Amino acid sequence: MKLPPWDMLIIVFIFGSCLGSFLNVVITRLPVILMNQWRLEARTALELPVESTPRFNLAVPSSLCPRCESSIAWHDNLPLIGWFKRCGRCAVCKGIISLQYPLIELSGGILALAITFLHGISPASLFIYAACLTLLALAVIDFRTYLLPDILTLPLLWAGLLYQLLFQPYMLSSAVIGAMGGYLLLWSVFWLFKLLTGKEGMGYGDFKLLAALGAWLGWSFLPLLLLISAGLGAIIGILAQVLLPRLRGAPLPFGPFLSIAGWVCLLIGNELVAFYLSLV
Ligand SMILES: [Zn+2]
């Protein structure tokens with residue numbers, strides 16, 4: 001495999017970390033935007049007075065310190081550089097700026113490099129990169145808020161079918177079956193668990209996320225996706241219960257594990273399957 005030149009790889013990494021920076025905005029603001037929207041809808045449905053709130057979306061207001069709410073200068077907002085330059089502290093109040101920001105920016109850069117190494121630079125690679133970034137946003141949002149917003153899971157599903165249509169049309173029927181199977185599989189587990197125990201083991205967002213991964217990878221990857229996500233979920237869940245007693249009894253979001261399984265299968269799924277087949 002011929003690698004792109006170094007200067008190209010540096011550009012790819014900078015491009016990826018800039019998109020990671022935008023992803024931080026999505027991860028931080030999207031749950032707040034959705035909560036505001038649901039609150040507004042609930043008040044309208046209940047015919048309660050609707051309060052006017054300051055404009056808040058992905059673009060407005062500009063980046064603020066979460067503690068003192070002072071604006072963050074553009075040079076302190078540069079991906080990775082800004083956080084390290086201020087040693088992870090706000091320039092005004094010296095409050096701690098979460099490590100999440102540089103980690104997501106770094107992940108954006110590393111994912112861009114990984115896809116360039118594995119698949120080269122092409123329109124198909126851009127599609128796979130967009131899917132990996134969406135999975136990253138979903139993983140962190142679900143971890144922090146137990147939400148897997150439809151506004152991310154559903155476009156991810158349709159983009160998966162579009163990817164198959166454009167780049168590997170021979171996979172289209174497998175992708176459609178993968179999307180249906182992914183949804184119905186977890187939907188069945190959800191209802192079986194609910195009927196047996198009276199409890200809800202997962203959310204509808206999990207069904208939609210597995211459906212989206214089924215669209216991107218085809219039905220044959222559903223067992224591997226479930227094996228990786230359930231295996232990781234079980235290991236992390238047991239470790240969290242043992243090492244962090246305060247988390248005992250707290251529900252564990254499934255979205256981050258589905259997302260990790262999605263990255264693994266999108267990036268090296270075919271190699272994993274070929275390796276497994278070489279063993280049997
Ligand atoms: Zn501050």
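All residue numbers here refer to positions counted from 1 along the written sequence of the relevant chain. Thresholds applied to this predicted model are a pLDDT of at least 70 for local features of residues and 80 or more for the giving and counting of side-chain atom pairs; totals over whole chains, interfaces and linings are not thresholded and use all residues. Only hydrogens and water are set aside when side-chain values are computed; all heavy atoms of the structure are taken into account.

**Student:** Hey, could you run me through the overall build of the protein chain in this one?
**Tutor:** The helix and strand tally for the protein chain stands at nine helices and zero strands. In the protein chain, the succession of α and β elements from N to C terminus is α-α-α-α-α-α-α-α-α. In summary, the protein chain has a C-alpha radius of gyration of 21 Å against a globular reference of 19 Å for 280 residues, a match within 12%. A principal-axis box enclosing the C-alpha atoms of the protein chain has dimensions of 60 × 55 × 40 Å. The buried label goes to any residue with under 20% of its type's maximum accessible area, the exposed label to any with over 50%, and the partly exposed label to all in between, with areas taken from a 1.4 Å probe on protein chains only. The buried share of the protein chain, reckoned over its 280 residues, is 39%. Only runs of H or I of at least four residues qualify as helices and only runs of E of at least two qualify as strands under DSSP, and these elements are numbered from the N terminus. Computation of the radius of gyration draws on C-alpha atoms, with the globule rule given as 2.2 Å multiplied by the number of residues to the power 0.38.

**Student:** What exactly am I supposed to notice about the UniProt feature "domain: Prepilin peptidase A24 N-terminal" (unreviewed entry) in the protein chain here?
**Tutor:** Per the UniProt entry, the sites bearing "domain: Prepilin peptidase A24 N-terminal" (unreviewed entry) are residues 14-116 in this numbering. Here residues 14-116 is 52% helix and 0% strand, with 13 Å between the C-alpha atoms at its ends. UniProt positions are given in the numbering used here, feature names are shortened, and annotations may be inferred rather than shown by experiment.

**Student:** I'm lost on the nonpolar core in this one. Help?
**Tutor:** Burial of nonpolar side chains together is a common tendency in soluble globular proteins. Ranked by internal contacts, the top residues of the largest apolar core, which has 54 residues, are Leu111, Cys132, Leu156 and Leu225. Contributing elements (two or more residues each) for this core: α1 (6-45), α3 (100-119), α4 (123-145), α5 (150-167), α6 (172-197), α7 (204-217), α8 (222-243) and α9 (255-279). The dominant element in this core, judged by the number of residues it contributes, is α4, at twelve residues. Only heavy atoms matter for contacts: two residues are in contact if any of them lie within 4.5 Å across the pair. Once you skip the residues sitting within four places of it in the chain, Cys132 turns out to touch Leu111, Ile115, Trp263, Leu266 and Leu267. As used here, the term nonpolar core means buried Ala, Val, Leu, Ile, Met, Phe, Trp, Tyr and Cys residues forming a set that is joined through side-chain atoms within 4.5 Å.

**Student:** Can you help me understand the side chain of Thr153 in this one?
**Tutor:** The topology assignment puts Thr153 in helix α5. Among residues more than four places away in sequence, those in contact with Thr153 are Leu138, Leu148, Gly205, Lys208, Leu209 and Ala212.

**Student:** I tried to follow the environment of Gly95 on my own but got confused; where do I start?
**Tutor:** Mapping Gly95 onto the fold places it in the loop between α2 (81-85) and α3. Separated by 79 residues in sequence, Gly95 and Gly16 place their C-alpha atoms 27 Å apart. Setting aside residues up to four positions removed in sequence, Gly95 forms contacts with Arg67, Gly88, Arg89 and Cys90.

**Student:** Help me understand the coordination of the zinc ion, please; the structure alone is not making it clear to me.
**Tutor:** Ideal geometry at a metal gives 109.5 degrees between four tetrahedral donors and either 90 or 180 degrees between six octahedral ones. Each protein donor to the zinc ion is listed here as Cys65 (SG), Cys68 (SG), Cys90 (SG) and Cys93 (SG); together their distances run 2.3 Å. Note that water is not among the atoms considered, so a metal site may appear incomplete; the donors listed are N, O and S atoms within 2.8 Å of the metal, with 3.2 Å applied to Na, K and Ca. By the criteria applied here, four donors are tetrahedral when all angles lie between 85 and 135 degrees, four are square planar and six octahedral when opposite donors are over 155 degrees apart and every other angle lies between 65 and 115, and any other arrangement is irregular. For the zinc ion, the four donor atoms in the first shell make angles of 105 to 115° at the metal, a pattern classed as tetrahedral. Written as a sequence motif, the donor residues of the zinc ion are C-x2-C-x21-C-x2-C. Of this pair, Cys68 sits in the loop between α1 and α2 while Cys90 sits in the loop between α2 and α3; the two residues are 22 residues apart in sequence, bridging distant segments of the chain. Overall, the relative accessible area of 32% leaves Cys68 in the partly exposed class.

**Student:** How should the side chain of Lys208 be read in this particular structure?
**Tutor:** Considering the arrangement of structural elements, one finds Lys208 in helix α7. Taking the relative accessible area as the measure of exposure, Lys208 reaches 17% and is therefore buried. With near-sequence residues (within four places) excluded, Lys208 lies in contact with Asp150, Thr153, Leu154, Leu157 and Tyr183.

**Student:** In this structure, what is going on with the confidence of the model for the protein chain? I would like to understand it.
**Tutor:** One rule of thumb: low pLDDT means the predicted coordinates there are not for detailed reading. Chain-level pLDDT for the protein chain is 91 on average; 99% of the residues reach the 70-or-more range. Per residue, pLDDT captures the predictor's confidence, and it can take any value from 0 to 100. No element of the protein chain has a lower mean pLDDT than α2, which averages 87, and none a higher one than α5, which averages 97.

**Student:** How do you make sense of the packing of aromatic side chains when you look at a structure like this?
**Tutor:** What describes a pair of aromatic rings is the distance from one ring centre to the other and the angle between the planes of the rings. Note on ring pairs: Phe, Tyr and Trp rings are taken, using the six-membered ring of Trp, and paired if centres are within 6.5 Å. Classes follow the plane angle, with under 30 degrees stacked, over 60 edge-to-face and the rest tilted. Enumeration according to the criterion identifies eleven aromatic pairs in this entry. Taking 5.4 Å as the distance between ring centres and 70° as the angle between the ring planes, the aromatic pair formed by Phe190 and Phe207 counts as edge-to-face. Of this pair, Phe190 sits in helix α6 while Phe207 sits in helix α7, and the two are 17 residues apart along the sequence. With respect to class, Phe190 is no different from Phe207; both count as buried.

**Student:** What's the story with the domain arrangement of the protein chain in this structure? I'm lost.
**Tutor:** In many analyses, interface size is given as the accessible surface area lost on bringing the parts together. Domain extents, as shown, originate in an automatic or database domain assignment. Per the domain assignment, the segments making up the protein chain are domain 1 (1-121) and domain 2 (148-280). Counting residues at the interface gives six residues for domain 1, matched by seven residues for domain 2. Taking both sides of the interface into account, the surface hidden between domain 1 and domain 2 amounts to around 510 Å²; carbon and sulfur atoms contribute 87%. Every case where a carboxyl oxygen of Asp or Glu lies within 4 Å of a side-chain nitrogen of Lys or Arg is listed as a salt bridge. Inspection of the domain 1/domain 2 interface yields zero salt bridges. For the purposes of these results, a polar contact is taken to be a pair of N or O atoms within 3.5 Å, where, inside protein, one atom must be able to donate a hydrogen and its partner to accept one; residues adjacent in sequence count only when each atom of the pair is a side-chain atom. Counting across the domain 1 and domain 2 interface gives zero residue pairs in polar contact (both at pLDDT 80 or more). When residues of the side of domain 1 that touches domain 2 are assigned to their parent elements, the largest contribution, four residues, is made by α3. The residue makeup of the side of domain 1 that touches domain 2, split by class, is five nonpolar, one polar and no charged. Accessible area that two parts lose when put together, with a 1.4 Å probe and added across both, is what the buried area reports. Think of it as three bins: nonpolar holds Ala, Val, Leu, Ile, Met, Phe, Trp, Tyr, Cys and Pro, charged holds Asp, Glu, Lys and Arg, and polar takes everything else, Gly as well.

**Student:** Is there a simple way to explain unusual backbone geometry in this structure?
**Tutor:** Peptide bonds are, in most cases, trans, and in most cases residues other than glycine have a negative phi. Residue Pro61 follows Val60 across a cis peptide bond; omega there is -5°. You can see Pro61 is positioned in the loop between α1 and α2. The phi torsion at Glu47 lies on the positive side, around 55°, for a residue other than glycine. Mapped onto the elements, Glu47 comes out in the loop between α1 and α2. Taking the relative accessible area as the measure of exposure, Glu47 reaches 74% and is therefore exposed. Positioned with a positive phi, Cys87 is a non-glycine residue whose angle comes to about 50°. Tracing the backbone shows Cys87 in the loop between α2 and α3.

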